[in-house]
Structures are given as C-alpha cells and as structure tokens.
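What follows is each chain in one-letter form.
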Amino acid sequence: MFFEGFTLETREANGQRIRLRHGGSGPPLLLLHGNPQTHAMWHRLAPVLAQKYTVIAPDIRGYGFTEAPPVTPDSRHYAKREMAADLVALMRGFGHARFRVVSHDRGARVAHRLALDHPQAVEKLCTMDIIPTIEHFERADMHFALGYYHWFFLAQPHDKPERMILRDTEDWFDLHTSREPKDKSFFHPEARADYLAALQEPGTVTAICEDYRAAIGIDLEHDRASRAAGVKVQCPMLALWGAKGSLPKWYAPLEVWRGYAAGSLEGGPVNSGHYLAEEAPEECLGYLEKFL
C-alpha cells in the first residue's frame, strides 16, 4: 500500500501552510524530497523507517501542495535559509527540537542550509545525489552546463521558463526526469499522479523556478558568507549518490563534502540513477540502517 499507516495533513509553520505525511514511532526523522517531486518520493522508504522512527515527510516550500509565496526580484522567499526555517518550525510544532534528516536533490540543499543555520536542531544528516550548490557553480564547465542545463533554464527571469513549462507540464515532467532514460511507468503511479497534480496547482511551477533563481543569487550570498566564516556541518553526515548518474562522472563527492563537514563523514554510491530512493530503496535502507 502507498504510505500505509501514515497520516496525510496540512499544518501551519513559520507562517506557511505545509502538506505532509507522518507516521511511526521513535526518534524523529525528517524526510525532504527533490524537484519536481513531492514527499511522495519517499513511499518506498518511509514505511520501513517508520518501524523505528517517527517519520515526518513534508512538501517543501512551494512544492507539492505546500504554500507558494509570491515572486520577488531577489527570490528571497525561496532562499534555502527561509525554506529551512519552515522545517525547524514544523518539527518544533510536532514537539521535536532535535531530529535526524534524510534528504534528496533540492531538499538536500535545504537540508544542508538547515544544518548550517540550526546546528542544534540536526542530529544527523543524509544527503542524496548532491554536492554543495556553491561547488557546482564554482566548478562549472561544459559538461555540467549540458548535464544540468535545467539549472540555468529554470533560473531565467520570471516568467519565461514558467510560460514554456505550463504549455505542457506532463511533457516537461517526463523530459525533466529522464536524466537516465526511463519510461513513464518508472515512478509509482500514485507518486507520479501526485507529482503531476502538484504541477497543475497555481504557483507551483513558478515556485520551482524561484527555487532555482534563489540558487544563483541569495543562496550563493549565504553560502559564501558561511564558508568565509568557517561554518560547516557539525553533525555526523552520510552522503550518497547514484552510481549511474552525473555526480561521480564530474566529482569525487566525498572529497568535496570533506571541505564542508566538521563532524564525521561517510557515504558512497548507490546502484541507481538520480532517483535513489525510488530506484534502489533496499540499498538506501541498508546505508540508513547503519547510519541513523
């Protein structure tokens, strides 16, 4: 069953309406999804993790069916610092001042900022298929520009990319999620339906673009300031990446992360493409069982 034993609801935190699922019992565990998805991407991991943990899986700001603040010239509402503040408030609303985080893609970028800004809140951090955003941009070359072309497309001024995507959101979704060739049956039908329904919600596509606009502006300002001040991830960290994806072709992920982690750091490849939790859930769970 899809998220068996979980409750689906909407809560307010940090002035935002946040849709989420929660279930299980034990130490609190926050799951953060990527783009262009929703918390539904955790459907194969969350029920297993809920056997040992109190699992809370929200749609991050602007994604899924969580509130999407308006566009601003500096995209400040979609700064990872603001998105992270939502999640600290959300977890406190559940009574959890300190918690563990498992995150993927854009959610992992939010999680990285969460660990930097709120070190007292994050007990352990797992990121999936990212290196720090600032490193991507500073190491950018032709391979990165071609492979992650969507970073530059989605970051174009409002509302140029939105207008193009909204002409056929399902076609864009299929093209965007085909980093490694896959047919439409790749995603669980309920998860895929949730992703597509969210893209039809007014404001969601614009929010996704604002997320990427923030990445080239206000997020970089925050990242440069943190690095200059020597602020690093203090908690134990697990960095995973898809062995069939782009990260191991372009970088040595653990070597990059060592420059940003003050605590223990471990990790490695998963036999998957970009969508680790949906392509190789058992392997992900094996890593998480040892780490969490």
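1. A look at unusual backbone geometry
At the junction of N35 and P36, the peptide bond is cis and its omega measures out at 0° in the coordinates. You can see P36 is positioned in the loop between strand 3 (28-32) and helix 1 (46-49). Residues H158 and D159 are joined by a peptide bond in cis, for which omega reads 5°. Note on placement: D159 falls in the loop between helix 6 (149-154) and helix 7 (160-166). Unusually for a residue other than glycine, S75 sits at a positive phi of about 55°. Its location among the elements puts S75 in the loop between strand 4 (54-58) and helix 2 (80-93). Since its relative accessible area comes to 4%, S75 is described here as buried. We note that D105 has phi near 55°; this positive angle belongs to a residue other than glycine. With respect to the element layout, D105 can be found in helix 3 (residues 105-117). By relative accessible area, D105 is classed as buried at 5%.

2. Let's talk about the pattern of salt bridges
Charged atoms that come close allow side chains of opposite charge to pair. Enumeration over the complete set of coordinates arrives at 21 salt bridges. A salt bridge links D219 to K80; the nearest nitrogen and oxygen atoms lie 2.5 Å apart. Linking D219 in helix 11 (residues 218-228) with K80 in helix 2, this pair joins segments that are 139 residues apart in sequence. Just as D219 is buried, K80 falls in that class too. Residues D117 and R81 are paired through a salt bridge, measuring 2.7 Å at the closest nitrogen-oxygen approach. Here D117, found in helix 3, pairs with R81, found in helix 2; they are 36 residues apart in sequence, far enough to count as distant. The exposure class assigned to D117 is partly exposed, which follows from its relative accessible area of 24%. Among the residues examined, R81 registers a relative accessible area of 31% and is labelled partly exposed.

Basis of the calculations
- Residues numbered from 1 in each chain as written.
- Predicted model: local features only at pLDDT ≥ 70, side-chain atom pairs only at ≥ 80, totals over all residues.
- Heavy atoms only, no water.
- Helix = DSSP H or I, 4+ residues; strand = E, 2+ residues; numbered from the N terminus.
- Buried < 20%, exposed > 50% of the residue type's maximum accessible area, 1.4 Å probe, protein only.
- Salt bridge = Lys/Arg side-chain N within 4 Å of Asp/Glu carboxyl O.

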